[in-house]
Amino acid sequence: MQPVSLRRINVYPFASDEELLEYIDNNPCILVAVNAEKILHAPDKVREMINRNLGYADGIGAVMALKKKKAADRIARIPGCELWLKIINRYKNERTFYLVGGKQEVIKNTVDKLNNEYPGIKIVGYRNGYFSKEERSALVKDISNRKPDVVFVAMGSPVQEELMEEMQRQHTAIYQGLGGSFDVYTGKVNRAPRWWIENNLEWAYRLFRQPSRMKRQVHLFRFLWLLVRNKI
């Protein structure tokens, strides 16, 4: 599969999350979520980082842009906050996991819930997302020593991607950046109801619940305007 360039960001037009999972079975890499905001505003450093790894369409804006370019007959939106659990479900009996990110309470609750929902899951290590330069080096060394098959890092972009690239230089694995997914998984943050998600209106639900997000959502309207004008 060849990626499609959206404003100099390469995005892979997977038809389903299953297709993405089949790809990473034998191609361990860093998975980077791509949305309208990144396509519009990512600095060159971040665009280059995404292009070194595997960008997938996490947001509906990215999906619409891929369809506009007729990248494939069917293109799926693959929310990162769902994808990581599908990765766990796929590999829970055969691969090992390492989790990084969130506050100590959140990461501990995440691990406890995973152990409860996936009996026998092999989590070889975890830690919160707050650490010094020395602790960061120790974390990278621990990843290298424990050699997990899958590493999830929930620290927000681009910090999490920069850390994952540092880790990958020491140990090849499947890496995925998760942003605030641990908060969602443990119930600290509520996601939109299923109807809104299935109709690609999750962004609208968040805006409805938090009008203060309007400034942040302006980029989506600008993105749609540029898309209509074939400027993406």
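My aim in this report is to walk through the structure given alongside it, one point at a time. Being a predicted model, the structure only gives us computed values, none of them experimental.

**Re the environment of Lys 188**
The residue Lys 188 is located in the loop between helix H9 (181-185) and helix H10 (194-198) in this model. By relative accessible area, which is 53% here, Lys 188 ends up exposed. Measuring from C-alpha to C-alpha, the distance between Lys 188 and Val 106 comes to 8.1 Å, with 82 residues separating the pair along the chain. Lys 188 has contacts with Val 106 and Asp 183, leaving out every residue within four places of it along the chain.

**What about the pairing of strand E6 (residues 122-127)?**
Sheet topology places strand E5 (residues 96-101) next to E6; five bridges connect them, and they run parallel. For Val 100, the partnering residue across the bridge sits in E6 and is Arg 127. Taken together, E5, helix H6 (residues 104-117) and E6 constitute a β-α-β crossover, and its handedness is right-handed.

**Quick word on the nonpolar core**
Core analysis: the largest hydrophobic core is formed by 39 residues, its most contacted members being Leu 6, Leu 139, Met 167, Tyr 175, Phe 223 and Ile 232. Looking at this core element by element, the count peaks at five residues for helix H4 (residues 60-68). Among all residues touching Met 167, those that are not within four sequence positions of it are Val 100, Leu 139, Val 140, Ile 143, Val 151, Val 153 and Tyr 175. Leu 54, Tyr 91, Leu 178 and Tyr 185 belong to the second largest nonpolar core, which has 33 residues in total.

**Remarks on helix H7 (residues 133-146)**
Between its first and last C-alpha, H7 extends 20 Å over 14 residues, near the 20 Å set by a 1.5 Å rise per residue. Here H7 has its buried residues at Leu 139, Val 140, Ile 143 and Ser 144. The arc enclosing the buried residues of H7, seen along the axis, measures out at 135°, which places them on a common side. In H7, those exposed residues whose orientation departs by more than 90 degrees from the buried face are Glu 134, Lys 141 and Asn 145. Looking at the packing, one finds that the buried side of H7 touches E5, E6, strand E7 (150-154), helix H8 (159-170) and strand E8 (174-177).

**Points about the packing of helix H3 (residues 44-52) against H8**
One can describe the packing of H3 onto H8 by two numbers: an axis separation of 11 Å at closest approach and a directional angle of 50°. In this view, H3 runs oblique relative to H8, as classed from their interaxial angle. For the crossing formed where H3 meets H8, the hand is left-handed. Between H3, through Lys 45, Met 49 and Arg 52, and H8, the contact on the second element is made entirely by Glu 161, Glu 162 and Glu 165. In the contact of H3 with H8, the residues fall into one nonpolar, no polar and five charged.

**Let's talk about the sheet that holds E6**
Strand order in the open sheet formed by six strands is E4-E3-E8-E7-E5-E6, with parallel pairing between adjacent strands. Of all strands in the sheet, those bounded by a partner on one side alone are strand E4 (54-57) and E6. Pairs of neighbouring strands in the sheet enclose a mean axial angle of 20°, with direction left out of account. Here E7 runs beside E8; their pairing, made up of four bridges, is parallel. When the sheet's bridge partners are listed, Val 151 is paired in E8 with Tyr 175. The sheet strands contacting H7 are E5, E6, E7 and E8, and the helix crosses E5 at an angle near 170°.

**Comments concerning the packing of helix H1 (residues 17-25) against helix H5 (residues 80-91)**
The geometry of H1 relative to H5 is characterised by a closest axis approach of 11 Å and an angle of 55° between their N-to-C directions. By the angle between their directions, the pair H1 and H5 is classed as oblique. As for how H1 packs across H5, the hand of that crossing is right-handed. Residue-level contacts link Asp 17, Glu 18, Leu 20, Leu 21, Glu 22, Ile 24 and Asp 25 of H1 to Leu 83, Lys 86, Ile 87, Arg 90 and Tyr 91 of H5. In the contact of H1 with H5, the residues fall into six nonpolar, no polar and six charged.

**Here's the deal with the pattern of salt bridges**
Counted according to the given criterion, the structure contains ten salt bridges. When the shortest N-O distance is used, the salt bridge between Asp 25 and Arg 90 registers 2.8 Å. Here the residue Asp 25 occupies a position in helix H1, and Arg 90 occupies one in helix H5, the gap between them amounting to 65 residues. Exposure remark for Asp 25: the relative accessible area of 23% places this residue in the partly exposed category. Note on Arg 90: relative accessible area 26%, which makes it partly exposed. Two residues, Arg 95 and Glu 94, come together in a salt bridge whose shortest N-O distance is 4.0 Å. Taken together, the shared-partner salt bridges in this structure form one network comprising Glu 18, Asp 25 and Arg 90.

Quick notes on the rules
- Numbers given for residues are sequential positions, taken from 1 along each chain in its written order.
- Local features are withheld for residues below a pLDDT of 70 in this predicted model, meaning they are given only at 70 or higher, and side-chain atom pairs are given and counted only at 80 or more; totals for whole chains, interfaces and linings count all residues.
- Only hydrogens and water are set aside; all other atoms, that is, all heavy atoms of the structure, feed into the side-chain values.
- By definition, any uninterrupted DSSP run of H or I lasting at least four residues is a helix, any uninterrupted run of E lasting at least two residues is a strand, and each is numbered from the N terminus.
- Throughout this description, buried means an accessible area under 20% of the type-specific maximum (1.4 Å probe, protein chains only), exposed means over 50%, and partly exposed covers the range between.
- Residues are treated as being in contact if the distance between any of their heavy atoms lies within 4.5 Å.
- When DSSP finds two or more bridges between two strands, those strands count as paired.
- Clockwise travel from the first strand over the helix to the second, with the strands pointing away from the viewer, marks a crossover as right-handed.
- Working definition of a nonpolar core: buried Ala, Val, Leu, Ile, Met, Phe, Trp, Tyr and Cys residues. They are joined through side-chain atoms within 4.5 Å.
- Take the residue count of a helix, subtract one, and multiply by 1.5 Å to get its expected span.
- The directions from the helix axis to the C-beta atoms form the arc being described.
- Angular values range over 0 to 180 degrees, each being the angle between N-to-C directions of two axes fitted as lines to C-alpha atoms, with helices fitted over their stretch in contact.
- Geometric relationships in this document are graded by angle, where less than 35 degrees denotes roughly parallel, more than 145 denotes roughly antiparallel, 65 to 115 denotes roughly perpendicular, and other angles denote oblique.
- By definition, turning the near helix anticlockwise from the far helix through less than a right angle yields a left-handed crossing, and turning it clockwise yields a right-handed one.
- Here the term charged refers only to Asp, Glu, Lys and Arg, the term nonpolar to Ala, Val, Leu, Ile, Met, Phe, Trp, Tyr, Cys and Pro, and the term polar to all other amino acids, Gly among them.
- Throughout this description, the term salt bridge denotes a Lys or Arg side-chain nitrogen within 4 Å of a carboxyl oxygen of Asp or Glu.

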